[in-house]
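Given next are the chains, with one letter for each unit.
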Amino acid sequence: MNQFWTNLRDGVESVSWFSEDELKASGGSKWERENPNYVPARSVLEDVGMFDAAFFGYNPREAELMDPQHRIFLESAWQALETAGYDPLTYQGLIGMYGGANLSTYMLNMASRPDLHDSLGNYELHYQIPVGNDKDSLATGVSYKLNLKGPSLTVQTFCSTALVATHLACQS
């Protein structure tokens with residue numbers, strides 16, 4: 001999170017731009033690549049494997065099955081509380097959680113891997129994967145893991161998700 005703010009302050013581009021070869025290798029369609037409105041750029045999450053599963057009470061397998069968006073959101077929420085000086089275990093007031101995420105392409109990729117399905121049990125397939133990847137469990141999952149007692153709401157409005165979540169949190 002500190003790097004993000006430093007990049008904003010210093011005008012550093014945080015979006016990755018992809019070459020034609022990189023786009024081909026990623027499996028994007030030719031139609032998409034040749035569309036004049038297509039922008040060959042996106043944010044790339046670095047070091048997604050560096051998540052400290054044990055710190056947040058996850059075992060390594062649970063963390064592996066969890067969407068990196070959820071992992072980073074949880075880490076960012078913890079860091080925000082830490083920076084603000086709030087300990088949810090001892091704080092007597094209410095701390096709310098508002099946020100949003102997009103459809104989990106991580107979960108879609110897992111769904112297309114029969115080798116992964118063969119190695120998973122019923123509990124992992126029907127509980128851990130949905131909870132750790134579904135956008136609807138983002139805010140409540142963080143509230144649960146961080147012991148937050150205030151309102152907890154996941155928002156999804158496509159492009160305005162962060163703005164709407166911030167607005168709702170301020171109104172709350």
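Residues numbered from 1 in each chain as written. Predicted model: local features only at pLDDT ≥ 70, side-chain atom pairs only at ≥ 80, totals over all residues. Heavy atoms only, no water.

J.: Can you break down the overall build of the protein residue by residue, with the values?
T.: Counting its secondary structure elements, the protein contains ten helices and four strands. When the elements of the protein are put in sequence order from the N terminus, they spell out α-β-α-α-β-α-α-β-α-α-α-α-β-α. A principal-axis box enclosing the C-alpha atoms of the protein has dimensions of 55 × 45 × 30 Å. Scored against the burial criterion, the 172 residues of the protein give a buried share of 26%. Taking contacts inside the protein between residues at least 6 apart in sequence as the whole, the part at least 24 apart equals 64%. As displayed, the protein offers around 11,600 Å² of accessible surface, 56% of which is attributable to carbon and sulfur atoms. Computed over 11 positive and 21 negative side-chain charges, the separation of the two mean positions in the protein equals 3 Å. (Helix = DSSP H or I, 4+ residues; strand = E, 2+ residues; numbered from the N terminus. Buried < 20%, exposed > 50% of the residue type's maximum accessible area, 1.4 Å probe, protein only. Contact = heavy atoms within 4.5 Å. Areas by Shrake-Rupley, 256 points an atom, 1.4 Å probe, with all protein chains shown as cover. Lys, Arg positive; Asp, Glu negative; His and termini not counted. Charge placed at Lys NZ, Arg CZ, Asp CG, Glu CD.)

J.: Tell me about the nonpolar core, and please be specific about residues and values.
T.: Membership of the largest hydrophobic core comes to 15 residues, with the highest contact counts inside it found for F51, Y58, L74 and L146. Those elements giving two or more residues to this core turn out to be α5 (68-84) and α9 (138-146). Residues contacting L74, with those up to four places away along its chain left out, are F51, F56, Y58, V142, K145 and L146. Residues L65, M110, L116 and L120 belong to the second largest nonpolar core, which totals five residues. (Core = buried A, V, L, I, M, F, W, Y, C linked by side-chain atoms within 4.5 Å.)

J.: I'd love a proper account of the packing of α5 against α9, names of residues and values included.
T.: It is the contact of α5 with α9, at a shortest axis distance of 10 Å, that shows an interaxial angle of 50°. Comparing their axes, α9 and α5 come out oblique. When you trace α5 past α9, the crossing you get is right-handed. Contact with α5, carried on its side by H70, F73, L74, A77, W78 and L81, involves L138, V142, K145 and L146 of α9 and no other residues of that element. For the contact of α5 with α9, the per-class residue count stands at eight nonpolar, one polar and one charged. (Axes fitted to C-alpha atoms, helices over the stretch in contact; angles between N-to-C directions. Parallel < 35°, antiparallel > 145°, perpendicular 65-115°, else oblique. Left-handed = near helix turned anticlockwise from the far one by under 90°. Nonpolar A, V, L, I, M, F, W, Y, C, P; charged D, E, K, R; others polar.)

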